[in-house]
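Take a look at the letters that make up each chain.
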Amino acid sequence: MEGKATYKQSLPIINSSLRNLQVMVPDMSFSTDSIRNSFNYNNQLIDAVNSTVKVFKNLSVDDQLAVLWFAYTEMGNSITPAAPGAARLQLAEGLLNQIKQMSHSEQLQMMRDLAAKKNNQISRSYGILSANTKLAFWYELSELMVKGLVIPMPFNYQLSRDGAQVLESIKQLDFGQQITILRKVVTDMGVDPLAD
Ligand code: 45D
């Protein structure tokens, strides 16, 4: 595991990777049934992660931002304050400073542009960050929202049915899978200036 995160629910992840390992050991003490079951179990989890990501990407831009926010409020206490890592955030510091200086409506526009992959300077600066730094960036934005330095969520925002479903699926998964989903969705945001 990367970083100094402490996970509330790290055991299921370890267990499932151990299960994978056992399957690869040519030891006849494993019945084909237990092998098949563990493969099915892992495949189901992969399916759950992939389908959740797929539905997420089809949400409206506002719903994507709202789901991220609600995921943050749900996961908030599983992520230790040190986890996203000050070192990692330094790479996003210029971007975050720029954002702090914006008006609330500019901040909202910037986040909508990232989610919509609009090609502008902010989206390109975001695009060169690593997956974990992108996560750390969003994490920091939500912390800034809590501190009142970034535009808050409207308290009466209504998620669409698909949005509510994505959020529900995320809640059902364990921390490791939640991170996988979040990494996939935030990696897809912004614009990679080095891509063809
Ligand atoms: O480095 O008016 C590890 C709308 C360790 C509606 C980690 C709105 C390694 C209209 C633990 C893996 C809703 C659009 C890292 C307004 C490591 C409207 C993990 C506004 C980094 C105002 C870190 C909406 C993790 C807004 C798991 C403003 C990080 C929405 C997770 C803003 C971070 C939403 C998450 C934001 C961050 C959501 C889930 C900023 C979510 C941020």
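This one's a predicted model, so the numbers in the text were calculated from it and none came from an experiment. (Residues numbered from 1 in each chain as written. Predicted model: local features only at pLDDT ≥ 70, side-chain atom pairs only at ≥ 80, totals over all residues. Heavy atoms only, no water.)

A. Fine view of the environment of T187. By the secondary structure assignment, T187 is in helix 10 (residues 175–187). Residue classification places T187 among the partly exposed residues on the basis of a relative accessible area of 39%. Separated by 58 residues in sequence, T187 and L129 place their C-alpha atoms 8.8 Å apart. Excluding residues that lie within four positions of it along the chain, T187 makes contacts with A131 and K134. In this structure the side chain of T187 is engaged in a polar contact, spanning 2.3 Å, whose partner is the backbone oxygen of R183. (Helix = DSSP H or I, 4+ residues; strand = E, 2+ residues; numbered from the N terminus. Buried < 20%, exposed > 50% of the residue type's maximum accessible area, 1.4 Å probe, protein only. Contact = heavy atoms within 4.5 Å. Polar contact = N/O pair within 3.5 Å; in protein donor to acceptor, adjacent residues only side chain to side chain.)

B. The packing of helix 5 (residues 93–100) against helix 8 (residues 131–146), seen in detail. Orientation of helix 5 relative to helix 8, taken along the N-to-C sense of each, is 30°, at an axis distance of 11 Å. In this view, helix 5 runs roughly parallel relative to helix 8, as classed from their interaxial angle. Regarding helix 5 and helix 8, the two cross each other, and that crossing is right-handed. Facing helix 5, whose interface residues are L95, L96, I99 and K100, helix 8 presents F137, E140, L141 and L144. (Axes fitted to C-alpha atoms, helices over the stretch in contact; angles between N-to-C directions. Parallel < 35°, antiparallel > 145°, perpendicular 65-115°, else oblique. Left-handed = near helix turned anticlockwise from the far one by under 90°.)

C. How the structure looks around the packing of helix 6 (residues 104–115) against helix 8. Where helix 6 contacts helix 8, the two axes come as close as 13 Å, and the packing angle between them is 155°. Judged by the angle between their axes, helix 6 and helix 8 are roughly antiparallel. The interaxial crossing formed by helix 6 with helix 8 has left-handed handedness. Contacts from M110, M111 and L114 of helix 6 reach helix 8 at F137, W138 and L141.

D. Focus on the packing of aromatic side chains. Tallying each qualifying case throughout the model produces 5 aromatic pairs. Considering the side-chain rings of Y126 and W138, the 6.4 Å spacing of their centres and the 75° angle between planes classify their relative orientation as edge-to-face. Of this pair, Y126 sits in helix 7 (residues 121–127) while W138 sits in helix 8, placing them 12 residues apart in sequence. With centroids separated by 5.7 Å and ring planes inclined at 80°, the aromatic side chains of F137 and W138 adopt a geometry described as edge-to-face. Judged on exposure class, the residue F137 and its partner W138 are both buried. Following the ring pairs from residue to residue traces out a cluster consisting of W69, Y72 and Y139. (Phe/Tyr/Trp six-rings, centres within 6.5 Å; stacked < 30°, edge-to-face > 60°.)

E. Local environment of the site of the ligand. Near the ligand, the surroundings consist of 29 residues, among which D62, L68, R88, N132 and W138 are the closest. Protein contacts shield 95% of the accessible area of the ligand, which totals 980 Å² for the unbound molecule. In terms of residue count, the dominant contributor to the shell around the ligand is helix 8 (8 residues). A breakdown of the residues in the shell around the ligand according to their chemical character gives 23 nonpolar, 2 polar and 4 charged. (Near = heavy atom within 4 Å. Areas by Shrake-Rupley, 256 points an atom, 1.4 Å probe, with all protein chains shown as cover. Nonpolar A, V, L, I, M, F, W, Y, C, P; charged D, E, K, R; others polar.)

What is shown is where atoms sit, not what they do.
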